[in-house]
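# Topology and contacts: notes
The residues making up each chain are set out below.
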Amino acid sequence: MGPKTIDASDTPPSELVGASVQRREDPHHLTGDAEYTDDIQYPEEVHLGLLGSRYGHARIDGIDTAPAESVEGVIGVYTWADVQASRSPGYMRTDDPEGKSAEADSETGAVAPDHPMLADGKATYQGQPVAAVVAEDRYTVHDALDLIEVDYERLDTVIDPRDATAEGAPQIHETSADNVAFEWDTGDEEAAEAALDAADNVISFEFEINRVIPTAMEPRTAVARYRPSDSDDDLAVEMSTQNPHQVQADLSQTLGVPDDQIRVRPPDVGGGFGAKLFPYTGHLLAGWCAMQLERPVKWVAPRTEDFQTMTHARHHIVDARAAVDDDGTLRGFHANTTVPVGGFLVPAGSGVPTNLGVMANGQYTVPGAYVRTTGAFTNTAPLSAYRGAGRPEATYFIERLVATVASELDIDPVEFRRRNFIPPETFPFETGLGRTYDSGEYDKNLTKALETVDYESFRERQQRTREDGRYLGIGLSCYVEACGAAPGMSESGIVQVKPAGDVVVKVGTAEIGTGHRTGYTQIVANELGVPFDDVTVLEGDTAAISEGHGTAGSRAMPVGGGALETSAKKVIEKARTIAAHQLEASEQDIDFEDGELFVRGVPARAITIQEVADIAHNEPERLPEGVEPGLEATTNFDPSNYTFPFGTHVAIVEVDPESGEIAFERYVAVDDVGNQINPKIVEGQVHGGVAQGIGQALYEEAVYDENGNLLTGSMQDYAVPKAEHLPDIEWSSTVTPSPHNPLGVKGVGEAGAIAAPPAVVNAVVDALEPFDVETLDMPLTPERVWKAIEGRN
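Just so you know, these numbers come straight off a predicted model, no measurement behind them. (Residues numbered from 1 in each chain as written. Predicted model: local features only at pLDDT ≥ 70, side-chain atom pairs only at ≥ 80, totals over all residues. Heavy atoms only, no water.)

Another aspect to go through is the packing of helix H11 (residues 391-408) against helix H12 (residues 413-420). Direction vectors running N to C along H11 and H12 enclose 115°, while the axes themselves pass 9 Å from each other. Crossing angle aside, the handedness with which H11 passes H12 is right-handed. Along the contact surface, H11 presents Glu399, Val402, Val405 and Ala406, while H12 presents Pro413, Phe416 and Arg417. Looking at side-chain class alone, the contact of H11 with H12 contains 5 nonpolar, no polar and 2 charged residues. (Axes fitted to C-alpha atoms, helices over the stretch in contact; angles between N-to-C directions. Helix = DSSP H or I, 4+ residues; strand = E, 2+ residues; numbered from the N terminus. Left-handed = near helix turned anticlockwise from the far one by under 90°. Contact = heavy atoms within 4.5 Å. Nonpolar A, V, L, I, M, F, W, Y, C, P; charged D, E, K, R; others polar.)

On to the nonpolar core. Within the largest apolar cluster, 105 residues are counted, with the highest numbers of intra-cluster contacts made by Phe333, Phe397, Leu401 and Tyr667. It is helix H19 (residues 751-767) that provides the largest number of residues to this core, a total of 11 residues. Sequence-distant contacts of Leu401, that is, excluding residues within four places in its chain, are made with Phe205, Ala322, Leu330 and Phe333. In this structure, Val505, Phe532, Met557 and Ile677 belong to the second largest nonpolar core, which totals 45 residues. (Core = buried A, V, L, I, M, F, W, Y, C linked by side-chain atoms within 4.5 Å. Buried < 20%, exposed > 50% of the residue type's maximum accessible area, 1.4 Å probe, protein only.)

This part takes up the side chain of Arg400. Following the sequence through the fold, Arg400 ends up in helix H11. One buried charged residue, Arg400, remains without a salt bridge, the closest side chain of opposite sign being Asp777 at 6.9 Å. Of the polar contacts made by the side chain of Arg400, one reaches the backbone oxygen of Glu774; its length is 3.5 Å. Among the polar contacts made by the side chain of Arg400, one reaches the side chain of Thr775 at a distance of 3.3 Å. Those residues in contact with Arg400, other than ones at most four positions away along the chain, are Thr395, Val761, Asn762, Val765, Glu774, Thr775 and Leu776. (Lys, Arg positive; Asp, Glu negative; His and termini not counted. Salt bridge = Lys/Arg side-chain N within 4 Å of Asp/Glu carboxyl O. Polar contact = N/O pair within 3.5 Å; in protein donor to acceptor, adjacent residues only side chain to side chain.)

Moving on, we get to the environment of Arg265. Secondary-structure assignment places Arg265 in strand E13 (residues 262-265). Taking C-alpha positions, Arg265 is 7.8 Å from Ala236, a pair spaced 29 residues apart along the chain. When sequence neighbours within four positions are dropped, the list of residues in contact with Arg265 reads Glu35, Ile40, Val237, Glu238, Met239 and Asp541. Looking at Arg265, its side chain comes within polar contact range of the side chain of Glu35, at 3.2 Å. One polar contact links Arg265 to Glu238, side chain to side chain, over a distance of 2.8 Å.

Looking now at the environment of Glu700. With respect to the secondary-structure elements, Glu700 resides in the loop between helix H18 (679-699) and strand E30 (729-733). For Glu700, a relative accessible area of 5% translates into the label buried. A sequence separation of 427 residues divides Glu700 from Phe273, and the C-alpha atoms of the two residues are 15 Å apart. Those residues in contact with Glu700, other than ones at most four positions away along the chain, are Asn210, Val212, Ile213, Gln692, Gly695, Tyr718, Ala719, Val720, Pro721 and Pro779. Polar side-chain contacts of Glu700 include one of 2.5 Å to the side chain of Tyr718.

In this section: the pattern of salt bridges. Scanning all chains against the criterion turns up 40 salt bridges. With a closest N to O distance of 3.4 Å, Glu45 and Lys298 form a salt bridge. Remark: Lys298 occurs in strand E14 (residues 297-300) and Glu45 occurs in the loop between helix H1 (26-30) and strand E1 (46-52); sequence separation between them is 253 residues. With relative accessibility at 1%, the residue Lys298 sits in the buried group. Across the pair Arg321 and Glu193 runs a salt bridge whose closest N-O atoms are separated by 3.2 Å. Taken together, the residues Arg321 in strand E15 (residues 316-324) and Glu193 in helix H6 (residues 189-198) connect sequence positions 128 residues apart. The class of Arg321 is partly exposed, set by a relative accessible area of 28%. On the basis of relative accessibility, which here comes to 26%, the residue Glu193 falls in the partly exposed class.

Between helix H10 (residues 351-358) and H11, whose axes approach to 7 Å, the crossing angle comes to 35°. In the packing of H10 onto H11, the handedness of the crossing is right-handed. Together, Val352, Asn355 and Leu356 of H10 and Arg391, Glu393, Ala394 and Phe397 of H11 make up the contact between the two elements. In the contact of H10 with H11, the residues fall into 4 nonpolar, 1 polar and 2 charged.

Now for the pairing of strand E10 (residues 201-209). The side-chain alternation of E10 yields one buried face, formed by Asn201, Ile203, Phe205, Phe207 and Ile209, and one unburied face, formed by Val202, Ser204, Glu206 and Glu208. Bridge count between E10 and E15: 9 bridges; the pairing is antiparallel. Bridge pairing in E15 places Glu208 opposite Ile317. (Pairing = 2+ DSSP bridges.)

Further remarks concern the sheet that holds strand E27 (residues 632-637). Sheet architecture is open: 4 strands sit in the order E23-E22-E21-E27, paired in mixed fashion. Each edge of the open sheet is held by one strand with a lone partner, namely strand E23 (535-539) and E27. Neighbour-to-neighbour, the strand axes of the sheet open up by a mean angle of 15°, direction not taken into account.

Now for the sheet that holds E10. Judged by pairing direction, the sheet is mixed, and its 5 strands sit side by side in the order E9-E17-E16-E15-E10 without closing on themselves. Each end of this open sheet is capped by a strand with a single partner; those strands are strand E9 (180-187) and E10. Put simply, the sheet's adjacent strands are angled 10° from each other on average, direction ignored. The pairing of strand E16 (residues 330-342) with strand E17 (residues 368-377) spans 10 bridges and is classified as parallel. The residue bridging Val339 from the neighbouring strand is Gly375, located in E17. Sheet strands touched by H6: E9, E10, E15, E16 and E17. Its angle to E16, the strand with the most contacts, is close to 130°.

Once that is clear, we can look at the side chain of Arg220. Along the chain, Arg220 turns up in the loop between E10 and strand E11 (221-227). A polar contact is formed between the side chain of Arg220 and the backbone oxygen of Glu305, at a distance of 3.3 Å. Polar contacts involving the side chain of Arg220 include one to the side chain of Thr309, which spans 2.7 Å. Excluding residues within four positions of it along the chain, Arg220 makes contact with Tyr280, His283, Trp299, Val300, Ala301, Glu305, Asp306, Thr309 and Met310.

Right, let's get into the confidence of the model for the protein. When pLDDT is averaged along the protein, the result is 96; 98% of the residues meet or exceed 70. Here residues 97-105 scores under 50 on pLDDT; set against residues more than four positions off or in separate chains, the count is 34 contacts. (pLDDT = per-residue confidence, 0-100.)

In this structure the tally under the stated criterion is 18 aromatic pairs. Residues Tyr364 and Phe421 carry aromatic rings whose centres are separated by 5.7 Å and whose planes lie at 10° to one another, so their mutual orientation is stacked. Residue Tyr364 is found in the loop between H10 and E17, and its partner Phe421 is found in the loop between H12 and strand E18 (429-430); the two are separated by 57 residues along the sequence. The exposure classification of Tyr364 matches that of Phe421, with both residues buried. When the centroid spacing of 6.4 Å and the interplanar angle of 50° are considered together, the rings of Tyr642 and Phe644 count as tilted. Exposure class is identical for Tyr642 and Phe644. Each is buried. These aromatic residues form a ring-pair network of at least three members: Phe205, Phe207, Phe333, Tyr396 and Phe397. Its guanidinium or amino end placed over the ring of Tyr280, Arg220 lies 4.5 Å from that ring's centre, counting from NZ or CZ. (Phe/Tyr/Trp six-rings, centres within 6.5 Å; stacked < 30°, edge-to-face > 60°. Lys NZ or Arg CZ within 6 Å of the ring centre and 35° of its normal.)

Summarising the element assignment, Arg666 is placed in strand E29 (residues 662-672). Arg666 gets classed as partly exposed once you look at its relative accessible area, which sits at 23%. Sequence separation between Arg666 and Pro423 is 243 residues, and the spatial gap between their C-alpha atoms is 29 Å. Once residues within four sequence positions are removed from consideration, Arg666 is found in contact with Thr452, Val453, Val650, Ala651, Ile652 and Glu730. One polar contact links Arg666 to Glu730, side chain to side chain, over a distance of 2.6 Å.

So this is what it looks like as structure tokens:
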């Protein structure tokens, strides 16, 4: 049982941080009061639709838009030629020159070809936008799209990234004759080779991490309005995004409009998961069309369009060798991984794949580690961030490696892990792969998980049930991840105490359904000693908050929360100065507690923070000399390093050898995310992440045929798990604070999605040990499991 939810109004402000108060966002969503982008309607609003390429790789010799233009209700039909004829540059942002993003900061030297909003004479993946229609209603839009005639010259396609870099492969971009987008390595190759030479055993293994499609409840959508004027034009875009300030910058770059003339506002957002970090053609073209037509333009991507053109994620093909001694000491590993980056290198398109190499050592010491990552252009949808953004891949790599090596050496997987854990006294620990971990007690966390499942008793029961023809398996996943992208990814946090004593909080992250407003309220109310309901949180709107880096990499509480905590303390210090003046005491003698400032030792001589706010705003003549009116503070918080949450997840499954079907018996998660602002929200984030991780492990895979056609292009073909497919998740935690922010928090949004896949796969492989099944690639469909049992893989 997780923590019980309590009512915030029944909780003293000084006890709010760490309390499982009810999310303040929930009534808004549950009562139908929520406003998503498609709920927004404006007078004279028109609708935008996109025509995607029929083929995965084709030259476009001509586009005939006349039939579509003749349809009643059609206002405009556009191609790249129309964009070129306008004042807008029309090119979308590509991967940063050094591969840096909110999700990853590796330096890859990536080659990023120009990425036009609409195809410029060539399509490099199926669904790439080729033309657009604007009409009075959506039905007319789609009727007109069907009438656009495109003269395609089909070109040979390449789907497998290894084939893409082979001699004679079809060339996708002129800038990359060998289709290599980037080559990047981390670690010490000489040390890794020395470890392989010196080790008692060298164990080789290969595996493939399946391609998955982020599938939020709300598809991509935007509504844009443009108001021309003699001085400053004004473009307002409301859209489902998790990074509004970056979208503002992208709109400016692509459309040629100064960013101070662009407002981006996310209303309620039905899920982001990393795939909504940057704008796509529909978002940008809605703004462009609004400028051309001077009418509000709405774009809502159909689900099939989302599947084809929203970024995909996770795909890696890995070939590795591990160096391990007979006593179970992991000396090192040497790994090569090849990644299909898709038809274009989009933002984070190189940084996310290389995160596997940055975090590949997991919770283990690994003296000699080396990873080389090759990104190849392929005729598939671009690859980028999805919940965890490279850390699920890294955890899958090391946890499958550890399980495989332990099995090969006939060492219990628990004991093998314990022999190689980073000792708690060595933190901060420099891994040698590009990260310095902040803090951790990995064995304590593992022990708690094993006690929960009664590991030794399970092993005894496992042997007994095998004698009865039942095959149970237990799988461990000991993960560590990097959260709160830093340094150089600061977040602004503003705390304003208004004249009446109510508090307004402004922060540059974006709410995407994860409970930020509750967490931020708890932080500020707790620090200022004001009632929970007296705090209002404003987030994401570029008109209200001048700067921000959005929501990604579980950065909200470590970075945004750190900024607000610091601002709240600054407010108290100013209030202390004002109170000392009013109470005729020195500042050093003024204490603050539960919203009151009082003279130390004389609690009756006191003034509330609300009274201080009233004076600061309404009676400037009563302020000390040199103190400006008002009671607010701003902080740009830029932590010195990432935070590093960790945990142990344990899956217990039963596999039916006759059908290959997998049934969960238990799923236990013990996570350490540092101090917890709201344990119930933490638990909910773990649950949601585990659901997505199980989806990847057992059900989800994006599949292309050899011609570049996406075969899993709808919910009929792409299997997202339903509630009935998920086990009860038994959650608990340990607490190891992070030293890198004033709250000691670490972040939790991605933990479950990182930990679950290897836990599930390790459990299934463990169950199949009597059948000599050593490895399986995700998703573990019944057919794939049955074939492995029958030796038919």
